[in-house]
Each structure stands twice: as C-alpha cells, then as structure tokens.
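As a plain string of letters, each chain reads:
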Amino acid sequence: MRILTIPAFLVAMALPAAAEKLSLGEISAYLDDLRSAQGQFTQVNEDGSISTGRILLKRPGRVRFEYDPPEEALVVADGDTVGIVDPRSNEKQGYPLDRTPLKIILARNVDLTRERMVVGHASDGVTTTVRAQDPEHPEYGSIDLVFTADPVELRQWIVNDANGGSTTVILGELRRAVQLADEKFVIPGTRTTPRIEP
C-alpha cells in the first residue's frame, strides 16, 4: 500500500502562525481604548444552557445585555449597580458593580499590571488569556479575559463567582466607537429595584 506523505513545510504553511502572548500592557491599552462598543453575544450559563443577545458597552462603568427570546431578560450596569430585570416575572434585583468581576473591565482606567490583580496570564499560541481579580477583595471572584492579536480583540470572558460557578460570554464582532445614549444604561424601575449586598 502506498503511503502518501506531505512535506513538513507545506504542513507548516497550512497552519495559522502561532501568536505571541500579549503583554499586560498591550491588553490594558486595548481595554482603555475601548470606550464604547456594541455587538452580539452568546452566553454559556453555569447549567450548560445557551443564551444569546446584544451587548452595549460604554465605559466607564456601563454595560447593557439585552437577551433574545425566550429569556428576554435585561442586565444593566449603570456605573454603580448591576440590575437584573426579568420581564416575565417582573422580578428585579440589584448588585453593587464594585463587588463583581465586571468592574475590572468597566473601570475608568484599566491597569492589569497592578500588584496582585492578575493571577493568571497564558497563551495557547492562538489566544492570550488573563485571569484578573480585585487585589483588595479576591473573595468577589475573578474574570478570565480571552484575546486574539493583530489587532488585539477581546473575544470572550468568563466570570468566576464567589460560589465557584462560572458564566461564559462569547463576543461576536464588536462595532467600536459607537454613539450610545446614556438612557440605555438606566436600570428600569431603579427606585424599586432591591439592591443585594453580596
């Protein structure tokens, strides 16, 4: 039986070139420059279920997740509070933004080189993953940020909560530097939204 072999240099040409690990400085600069954006997202929940929707981001401090049916839920961070609204049950909850890992990427100035903020920094040759936490309050959980290079792009994040659960958000193509009205980041029924202190 004849065995076909492929020259090694052709195999190498067919594979994507390995990307160097992005530095914390490069990642911080990218996040600092990401002042506003919108796009689609896919969320993998702790129980394995899948949700989709649209994300609007306006730093500092503000992000909005609009979930597609059948969930139709809304999650809004207004710079101070993360509000969760379920229109089906009319249930509303609020959490302090500064006690969630999301505050790391929504901060006015992102500096991942701060002492003890980054507890993991690795590359698989295609992506660079950074695990970050509040160095003063690691008990609030952590966030894994996954980036690709050339140009630097945030592709997904994984929020690891204080109870050991995790939620993955996979980003579609983000349109950056978009005009987003401040009203998009007002939590509906703010006056009646109970705020839960973790």
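For the structure itself, look to the data block above.
Residues numbered from 1 in each chain as written. Predicted model: local features only at pLDDT ≥ 70, side-chain atom pairs only at ≥ 80, totals over all residues. Heavy atoms only, no water.

Draft legend 1. Representation of the side chain of asparagine 160. Structurally, the position occupied by asparagine 160 is in strand β10 (residues 153-160). Owing to a relative accessible area of 15%, asparagine 160 belongs among the buried residues under this scheme. Only 3.5 Å separates the side chain of asparagine 160 from the side chain of aspartate 144, close enough to count as a polar contact. (Helix = DSSP H or I, 4+ residues; strand = E, 2+ residues; numbered from the N terminus. Buried < 20%, exposed > 50% of the residue type's maximum accessible area, 1.4 Å probe, protein only. Polar contact = N/O pair within 3.5 Å; in protein donor to acceptor, adjacent residues only side chain to side chain.)

Draft legend 2. Summary view of helix α2 (residues 24-33). Within α2, the full set of buried residues consists of Leu24, Ile27, Ser28, Tyr30 and Leu31. For α2, the buried positions fall inside an angular range of 160° around the axis, keeping them on one side. Against the buried residues of α2 lie α3 (103-106), β7 (118-123), β8 (128-133), β9 (142-148), β10 and β12 (175-176). (Arc of directions from axis to C-beta. Contact = heavy atoms within 4.5 Å.)

Draft legend 3. Spotlight on the pattern of salt bridges. Throughout the structure, instances matching the rule amount to nine salt bridges. A salt bridge links aspartate 33 to arginine 176, with the shortest nitrogen-to-oxygen separation between them at 3.0 Å. Of this pair, aspartate 33 sits in helix α2 while arginine 176 sits in strand β12; the two residues are 143 residues apart in sequence, bridging distant segments of the chain. A residue is classified by how much of its surface remains accessible, and aspartate 33, at 53% relative accessible area, is exposed. (Salt bridge = Lys/Arg side-chain N within 4 Å of Asp/Glu carboxyl O.)

Draft legend 4. Representation of the layout of surface pockets in the model. Considered as a void within the structure, the largest pocket measures approximately 1,100 Å³ in volume. Ile84, Tyr95, Val159, Asp161 and Thr167 are the residues nearest the centre of the largest pocket, which is lined by 29 residues in total. Secondary structure elements with two or more residues in the lining of the largest pocket: β3 (62-67), β5 (81-86), β6 (91-96), β10 and β11 (166-171). Its residues placed into classes, the lining of the largest pocket shows 15 nonpolar, seven polar and seven charged. (1 Å grid on protein atoms, 1.4 Å probe; cavity = no way out; pocket = protein on both sides within 12 Å on 5 of 7 lines; lining within 4 Å. Points joined across faces, edges and corners; volume = space filled by probe spheres on them. Nonpolar A, V, L, I, M, F, W, Y, C, P; charged D, E, K, R; others polar.)

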